[in-house]
Amino acid sequence: MTRQRPPFRLVPLLLATTLGTAACADAPQRIGEQGFLDCVADLKRDAAEAGIPPPLIARAFSEVKYRQEVVQRDRAQAEFVEGFGDYLAKRVDERRITTGKAMLQRHHNLLWRLYKQYDVPPQLLVALWGMETNYGRFTGRHAVIPSLATLSCDPRRSAFFHDQLMAALKVAAEGLDPLALKGSWAGALGHTQFMPTTWLKHAVDGDGDGRRDLLESLPDALASAANYLADLGWKGDQRWGREVRLPLPFPYRLTGIDQRMSVNEWKALGVTRADGRPLADSQLQASLLLPAGYRGAAFLVYDNFHHLLEWNRSAHYALAVSHLADRLMGREPIRGELYPERRLTGDEVREIQRRLTALGFDAGAPDGKIGALTRQATRAFQLRNLLPADGFPDAGLLEQLRLMDSAG
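Residues numbered from 1 in each chain as written. Predicted model: local features only at pLDDT ≥ 70, side-chain atom pairs only at ≥ 80, totals over all residues. Heavy atoms only, no water.

Looking now at the overall build of the chain. When you go through the chain residue by residue, the secondary structure sums to 18 helices and 7 strands. What you see for the chain is a C-alpha radius of gyration of 23 Å, in line with the 22 Å of a compact globule of 408 residues. Its C-alpha atoms give the chain principal-axis dimensions of about 65 × 65 × 35 Å. Taking all 408 residues of the chain together, the buried fraction comes to 52%. Taking as baseline every contact in the chain between residues at least 6 positions apart, the subset at least 24 positions apart corresponds to 64%. (Helix = DSSP H or I, 4+ residues; strand = E, 2+ residues; numbered from the N terminus. Rg over C-alpha atoms; globule rule 2.2 N^0.38 Å. Buried < 20%, exposed > 50% of the residue type's maximum accessible area, 1.4 Å probe, protein only. Contact = heavy atoms within 4.5 Å.)

This is the structure:
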């Protein structure tokens, strides 16, 4: 049973020789050096209670120290900071498309074997591989155990990262050196960047050597990715979705990942394919996404897209993977606008959040990130004020909020 750790003793300043220089007011608060040592002692006890062998615990924690940089990274994830156009341009460029097509050819036999076994298409597996590690070129240089220990001791998502740390130790217990576990700042591992809990539950032996090694074995990594998607419910006979074109005017209040209607119902509202051709008749349930606002590109997404969101809960990520998979198949670039207007700065997003909350629309903490609460508050404000209710905070929304404030 996991032991409940006592609250940490938070201190405003830390010595540069221990955990770094003092942070500014907006930076994450840091625990004291003794607080971290006490937390690590609790983590070791939890590992022992979870059945991790004492020699492995000793080795795993031998290089653990507080890593402030991973705490900062946890508060500035690109999916919530970058606009959709910027996010996509950095991840689905001609080099990644060209390399991905070459990887489809190079690993043709493996990919088609996995397709027959798991019903997950080759281009999707390669797209995930390309998005996660640029086809294995960058699997991460962070020592996973120290990173997860630090994040376990950070109050923001302590329980989540505590579970990941315990899982990482169990992964090492399968025959890997815990000090050799290198990955992302958040603890994701291998070619397809599995979190440790995902590794334990969904990883498989793809090369038949009796081990699950997502760090060194590409067959293991791609087979595990296919198995994970199959476990999530991926349907091989369906697409992820498609880009569409919307008529004007349009009831934007119906958009959003949590709202679904049949393709036929969207079709009745005048939604067409991106090239203007009609959608096929279908009762398949779909959501309509506007990642760049109502002036930008629009996407109708199906059940498989929701399964990708279980892999990574960012709609930006799922759209980028899906589009990359399409491009690997030779499909066209996105037709719609990716940069419908000037992108907001972090300070401007924070201002929008503060102003919305002051007006009674809870936008969450003013952190400069466009998350679910901020989108919900934006949509509620837009509906109240008879604006296009796309839930997308933009410069026009900020101007409207400022005008309301100046009008008293």
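There is more to say after this.
Time to look at the sheet that holds strand S4 (residues 261-262). A sheet is described by the order of its strands in space; here 5 strands give the open sequence S4-S6-S7-S3-S5, paired in antiparallel fashion. Both outer strands of the open sheet, S4 and strand S5 (272-273), are each paired with one neighbouring strand and no more. Direction of pairing for S4 relative to strand S6 (residues 285-289): antiparallel, over a ladder of 2 bridges. Note on S6: the bridge partner recorded for Met261 is Ala286. (Pairing = 2+ DSSP bridges.)

All told, the structure shown has 14 aromatic pairs when counted by the stated rule. Ring centres 6.1 Å apart and planes at 75 degrees place the aromatic pair Phe84 and Phe299 in the edge-to-face group. Remark: Phe299 occurs in strand S7 (residues 298-301) and Phe84 occurs in helix H5 (residues 84-91); sequence separation between them is 215 residues. In this structure Phe299 comes out as buried when scored by relative accessible area, which is 3%. (Phe/Tyr/Trp six-rings, centres within 6.5 Å; stacked < 30°, edge-to-face > 60°.)

Moving on to the environment of Asp275. Counting through the fold element by element, Asp275 comes out in the loop between S5 and S6. Apart from residues no more than four positions distant in its own chain, Asp275 is found in contact with Arg245 and Arg335. In this structure the side chain of Asp275 is engaged in a polar contact, spanning 2.7 Å, whose partner is the side chain of Arg277. (Polar contact = N/O pair within 3.5 Å; in protein donor to acceptor, adjacent residues only side chain to side chain.)

We now examine helix H7 (residues 108-118). Considered for burial, the residues of H7 that qualify are Leu110, Leu111, Leu114 and Tyr118. All buried residues of H7 lie within an arc of 95 degrees about the axis, which places them on one face of the element. Turned more than 90 degrees away from the buried face of H7 sit Asn109 and Lys116, all of them exposed. Residue Asp119 follows H7 closely and has a positive phi angle near 65 degrees. (Arc of directions from axis to C-beta.)

Moving on, we get to the state of the cysteines. Per the stated rule, a full pass over the model turns up 1 disulfide. Residue pairing for Cys39: its cysteine sulfur links by disulfide to Cys153, the two sulfurs lying 1.9 Å apart. Between Cys39 and Cys153 the disulfide shows an S-S torsion of about -90 degrees. By sign, it is left-handed. One end of the pair, Cys39, is in helix H1 (residues 33-49); the other, Cys153, is in the loop between helix H9 (144-152) and helix H10 (158-173), and 114 residues separate them in sequence. (Disulfide = S-S within 2.5 Å.)

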